[in-house]
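Listed below are the residues making up each chain.
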Amino acid sequence: QLSLFRPTVKRLFSTSHSSVDSKEMKKFQLLAHKWWDEEGEYSALHSMNDIRVPFIRDTLLNMSSNYHLGNPLSGVKILDVGCGGGLLSEPLGRLGASVTGIDPLEDNIRTADQHKSFDPVLAKRIQYKSSSLEEIVEESMETFDVIVASEVVEHVADLEMFIKCCSQVLKPEGSLFITTINKTQLSYVLGIVVAEKIIGIVPEGTHEWEKFVPPKELERLLESNGFSVKTVNGMLYNPLSGSWSWMESTSVNYAVHAVKSGAWGQSSPTEALSEVESEHPSATAGTTV
């Protein structure tokens, strides 16, 4: 039965119709060696770890009854899509997770591989691969407990196909975490005019406003592709302090947690999660549900 299914998968996710945008690739190629410069072009992504890592960790811990002191994400298989130089893969690996980081740009993977090699523990827990998401679908069907796509969906060529692929490689009841930028007048002013052209915290040309995704649009795509959206939180970057915080408004940056429906309809752990979150809002690092 599987062999009958295989050719269909290949056709469906053939690279002739790819979610990778070649224009975007050229942009990031020039910066591939700068990922780990905390004061450089990616400084805002370094400081984003202060809120995105606890958000992922606490959400997953609230859904689980297995606690491993010191290694809270031990046994969790995470796919970091568009991992860049490994800025998010490494802290997730330090929490005990088994992380696969993929990025279509070989230079990014080279940088990520080199950086993790300095830490023997991380070297074992993280593996990197130069690949697009659709290229690994066939070999990774329902393989991962968690997918993280942070600051990625605003760069893909075909968002619906990207989400379909996420669903394919996630286990039933698996979690998908996305951070991205809303498509508003404010996001144009702050995300492009101010961030790129005035204060230069993001390299000029990094973002195209047309590709920004409103939360309602992202929710609709997720729900229509077998996900249940659990959390949508606004994020605010303060360029003076260089720090991120959670906020009510999603008018610029925002984070989403969605759960893939289980084999028999809606999963029970996520129902428990929403109860935990409503009783203990502080458990998700100050997020609002």
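What you see is a predicted model; the values in this text were computed from it and never measured. Numbers given to residues run from 1 along each chain, matching the order in which its sequence is written. Per-residue local features of the predicted model are confined to residues with pLDDT of at least 70, and side-chain atom pairs are confined, for both listing and counting, to 80 or more; whole-chain, interface and lining totals are unaffected and use all residues. The basis for every side-chain value is the complete set of non-hydrogen atoms in the structure, without hydrogens or water.

## Comments concerning the pairing of strand 1 (residues 77-81)
Right, on to step 1. Only protein chains enter the accessibility calculation, which uses a 1.4 Å probe. A residue is then buried if its area is under 20% of the maximum for its type, exposed if over 50%, and partly exposed in between. Runs of H or I in DSSP of at least four residues are treated as helices and runs of E of at least two as strands, each being numbered from the N terminus. Counting buried residues in strand 1 gives 4 out of 5 residues, a clear majority hidden from the surface.
Right, on to step 2. In this region the chain leaves strand 1, passes through helix 4 (residues 89-94) and returns to the parallel neighbour strand 2 (residues 98-103); the handedness of that crossover is right-handed.
Right, on to step 3. Bridge analysis of strand 1 against strand 4 (residues 144-150) gives 3 bridges, and the strand direction is parallel. The partner of Ile-78 across the bridge, within strand 4, is Val-146. Here a crossover is taken to be right-handed if, once the strands point away from the viewer, the path from the first strand over the helix to the second is traced clockwise. Any two strands with at least two DSSP bridges between them are considered paired.

## Examining the packing of helix 8 (residues 159-169) against helix 10 (residues 215-224)
Relative orientation and spacing of two packed helices are given, respectively, by the angle between their axes and the distance between those axes.
Right, on to step 1. Lines are fitted to the C-alpha atoms to define the axes, a helix being fitted only along its stretch in contact, and any angle between axes, read from their N-to-C directions, falls within 0 to 180 degrees. In the contact formed by helix 8 and helix 10, the axes pass within 10 Å of each other and the chain directions differ by 45°. One way to sum up the angle between helix 8 and helix 10 is to call them oblique. Viewed along their axes, helix 8 and helix 10 form a crossing whose handedness is right-handed. Side by side, helix 8 and helix 10 meet where Leu-159, Glu-160 and Ile-163 of the first sit next to Leu-218, Leu-221, Leu-222 and Ser-224 of the second. An angle below 35 degrees is read as roughly parallel, one above 145 as roughly antiparallel, one from 65 to 115 as roughly perpendicular, and any other as oblique. Crossing handedness is defined as follows: a turn of the near helix away from the far one that is anticlockwise and smaller than a right angle gives a left-handed crossing, while the clockwise case is right-handed. Whether two residues are in contact is decided by their heavy atoms, any of which lying within 4.5 Å being enough.

## Observations concerning the sheet that holds strand 4
Right, on to step 1. The sheet built from 8 strands is open, its strands ordered 3-2-1-4-5-8-6-7 with mixed pairing. Among the strands making up the open sheet, the edge pair consists of strand 3 (126-130) and strand 7 (243-247). Taken over all neighbouring pairs, the strand axes of this sheet differ in orientation by 20° on average, direction set aside.
Right, on to step 2. One ladder, built from 5 bridges, connects strand 2 with strand 3; its direction is parallel.

## Describing the packing of aromatic side chains
Right, on to step 1. The aromatic pairing rule takes the rings of Phe, Tyr and Trp, using the six-membered ring of Trp, and pairs them if the centres are within 6.5 Å, calling planes under 30 degrees apart stacked, those over 60 edge-to-face and the rest tilted. Under the criterion given, the structure shown has 4 aromatic pairs.
Right, on to step 2. A centroid spacing of 5.6 Å and a plane angle of 85° characterise the contact between Phe-55 and Phe-177, whose relative ring orientation is edge-to-face. With Phe-55 in helix 3 (residues 43-63) and Phe-177 in strand 5 (residues 170-181), this residue pair connects regions lying 122 residues apart in the sequence. The same class applies to Phe-55 as to Phe-177, namely buried.
Right, on to step 3. Ring centres of Tyr-237 and Trp-244 lie 5.0 Å apart, and the angle between their planes is 50°; this geometry places the pair in the tilted category. Exposure class is identical for Tyr-237 and Trp-244. Each is buried.
Right, on to step 4. Taken together through their ring pairs, the aromatic side chains of Phe-55, Phe-177 and Trp-246 make up a single cluster.
Right, on to step 5. Lysine NZ or arginine CZ positioned within 6 Å of the ring centre and within 35 degrees of the ring normal marks a charge as sitting over the ring. Over the face of the ring belonging to Phe-144 we find Lys-77, whose NZ or CZ atom lies 5.8 Å from the ring centre.

## Description of the nonpolar core
Right, on to step 1. Definition of nonpolar core: a set of buried residues of the types Ala, Val, Leu, Ile, Met, Phe, Trp, Tyr and Cys, connected through side-chain atoms within 4.5 Å. One finds Leu-73, Ile-78 and Leu-92 to be the most contacted residues of the largest nonpolar core, which totals 36 residues.
Right, on to step 2. Put simply, the parts of the chain that give this core at least two residues each are helix 3, helix 5 (106-116), strand 3, strand 4, strand 6 (227-238) and strand 7.
Right, on to step 3. Among the elements that take part in this core, helix 3 stands out by supplying 8 residues, more than any other.
Right, on to step 4. Setting aside residues up to four positions removed in sequence, Leu-73 forms contacts with Arg-57, Leu-60, Ile-78, Leu-92, Leu-95, Gly-96 and Ala-97.
Right, on to step 5. Grouped together as the second largest cluster of nonpolar side chains are 31 residues, Phe-144, Ala-149, Val-169 and Ile-178 included.

## Here we look at the environment of Ser-228
Right, on to step 1. Relative to the assigned elements, Ser-228 resides in strand 6.
Right, on to step 2. Judged by its relative accessible area of 14%, Ser-228 is buried.
Right, on to step 3. Separated by 30 residues in the primary sequence, Ser-228 and Ala-258 place their C-alpha atoms 5.4 Å from one another.
Right, on to step 4. Polar contact criterion, stated in full: a pair of N or O atoms within 3.5 Å, where within protein one must be able to donate a hydrogen and the other to accept it, and residues adjacent in sequence count only if both atoms are side-chain atoms. At a separation of 3.3 Å, a polar atom in the side chain of Ser-228 contacts the side chain of Lys-230.

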